[in-house]
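# Tertiary structure, described
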Amino acid sequence: MSTSPLFHAAKINQLQLTNRLVVAPMTRVSASEDGIASERMVRYYEDFARGGFGLTISEGIYIDDQWSQTYAFQAGMINARQAEAWRKVTDAVHRQGGKILAQIQHAGALSQGNHYQHETVAPSAIQPLGEQLPFYRGEGDYPQPRALSDAEIHQIIDSFADAAERAIKDGGFDGIEIHGANGYLLDQFLTRYTNQRSDKWGGDTAGRMTLNLAVIAAVRARIGDTVPLGIRISQAKVNDFQHKWQHGEADSRTVFSLLGDSAIDYIHVTEHEAWQPAFAESPLSLAALARQFAPGKILIANGGLHQVDKAERLLDQGADLIALGRGALANHDWPQRVKNQAPLREFDRTLLAPIADIKASELPS
Ligand SMILES: Cc1cc2nc3c(=O)[nH]c(=O)nc-3n(C[C@H](O)[C@H](O)[C@H](O)COP(=O)(O)O)c2cc1C
């Protein structure tokens, strides 16, 4: 039996967790065309709780019927039907003794296959790098987005709050994660080259955090003080893997200090290899920097941590919880296997496939 600290109990706000192991958010594009979570999703999510993960973070869920939907067949949280479908997922996870947070997401310029709108929106009218993801049924360049007006930005803040409230009250989720990472709308605001605004939503690094902080405040006001709330933050983007914050450690101080003073309970940082130095000038990982500049917050670390020694190393660097993506896909029962010192299954890329049928030729390499 493993005695790893990964199996110590934890708490986010009022939410008790049986261990420190978290399923990372993973888009499954397995809902109906109009965003209703499927029965297969119920079984998929239930399986991680049965396998011993104390916490699961849902795939990114879209928040309005405008520009937020990121991929075709993504599940949403914009009406009662979508919330009821998620309720089946959350009930199943709870029956297995697990907890589940809803990750709420706005695609911004990276929207592809939106059921509601064809145009895309962003902080500034700048065409995204890279190409749409064929894995998620996209093709060719991303279109040039339209710059959002101030009124539209306020509307998006309200949509985050509406979706969060619906996820808790009707969807049965235990808490909320705001998707501020990986190149989607909130990260587009944080990133210098996609945000060239000169109003209060742009400017220096602190200015480019304004939308993140406004969304946090609005969601917190709506869900109340006792419901777990966190935000996911990254440097890399799905369309720009190598991106580093321009001012290195100084940017990490700005970002994490502002988040440290905000109403969130936790920060979830993701890097390709979470233990590596975040910037050339310093030996510290992004998780270690978040720990340093936001000492009062719970910290979730993610990125290549599916071996026990790596996961424990991140606990040593200051993380409270460890999120596994590919490792969880390969081993829905990773916690039980590790606890019982049973072998882990190797990851292979066919495991990336959505739960819905998809041809092998459509998988990313
Ligand atoms: C199939 C797949 C879908 C993903 N979808 C999301 C998502 O919806 N939201 C998100 O924040 N990250 C998403 N990610 C990123 C993962 O949460 C995680 O950061 C990444 O897999 C690296 O962690 P790992 O090394 O443990 O796999 C996705 C990753 C994969 C493999």
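Keep in mind the model is a prediction, meaning the values are calculated, not measured.

## Thoughts on the nonpolar core
Soluble, globular proteins show a tendency: their nonpolar side chains are buried together. If you look at the biggest cluster of nonpolar residues, it comprises 89 residues, and the most contacted ones within it are Trp86, Ile176, Ile178, Val219, Phe256, Leu259 and Ile322. The element contributing the most residues to this core is helix 3 (residues 150–169), with eight residues. Setting aside residues up to four positions removed in sequence, Leu259 forms contacts with Met209, Leu213, Ile216, Ile231, Ile233, Ile264, Ile267 and Lys297. Membership of the second largest hydrophobic core comes to 13 residues, among which are Ala10, Leu15, Leu321 and Ala323.

## A closer look at the site of the ligand
Residues in contact with the ligand amount to 19 residues; listed here are only the nearest, Pro25, Thr27, Asn302, Gly304 and Arg326. A distance of 2.6 Å separates an oxygen atom of the ligand from a polar side-chain atom of Asn302. One nitrogen or oxygen atom from the side chain of Arg326 is found 2.6 Å from an oxygen atom belonging to the ligand. A total of 610 Å² of accessible area belongs to the ligand in isolation, and the protein chains cover 87% of it. Of the residues in the shell around the ligand, the class split is six nonpolar, ten polar and three charged.

## Considerations on the UniProt feature "domain: NADH:flavin oxidoreductase/NADH oxidase N-terminal" (unreviewed entry) in the chain
In the numbering used here, UniProt assigns the "domain: NADH:flavin oxidoreductase/NADH oxidase N-terminal" (unreviewed entry) feature to residues 6–343. Overall, residues 6–343 shows 33% helix and 16% strand. The separation of its end C-alpha atoms is 17 Å.

## Quick look at the pairing of strand 11 (residues 298–302)
Strand 11 sits mainly inside the fold: four of its five residues count as buried. Pairing between strand 10 (residues 266–270) and strand 11: five bridges, direction parallel. Each bridged residue has a counterpart across the sheet, and for Tyr266 the counterpart in strand 11 is Ile298. For the handedness criterion, the β-α-β arrangement of strand 10, helix 8 (residues 286–293) and strand 11 is classed as right-handed. When strand 11 meets strand 12 (residues 321–324), the two strands line up parallel, connected through three bridges. If you follow Asn302 over to strand 12, its bridge partner there is Ala323. The parallel pair strand 11 and strand 12, bridged by helix 9 (residues 308–316), forms a crossover whose chirality is right-handed.

Definitions and limits used
Residues numbered from 1 in each chain as written. Predicted model: local features only at pLDDT ≥ 70, side-chain atom pairs only at ≥ 80, totals over all residues. Heavy atoms only, no water. Core = buried A, V, L, I, M, F, W, Y, C linked by side-chain atoms within 4.5 Å. Buried < 20%, exposed > 50% of the residue type's maximum accessible area, 1.4 Å probe, protein only. Helix = DSSP H or I, 4+ residues; strand = E, 2+ residues; numbered from the N terminus. Contact = heavy atoms within 4.5 Å. Near = heavy atom within 4 Å. Polar contact = N/O pair within 3.5 Å; in protein donor to acceptor, adjacent residues only side chain to side chain. Areas by Shrake-Rupley, 256 points an atom, 1.4 Å probe, with all protein chains shown as cover. Nonpolar A, V, L, I, M, F, W, Y, C, P; charged D, E, K, R; others polar. UniProt positions renumbered as here; feature names shortened; annotations may be inferred. Pairing = 2+ DSSP bridges. Right-handed = clockwise from strand over helix to strand, strands pointing away.

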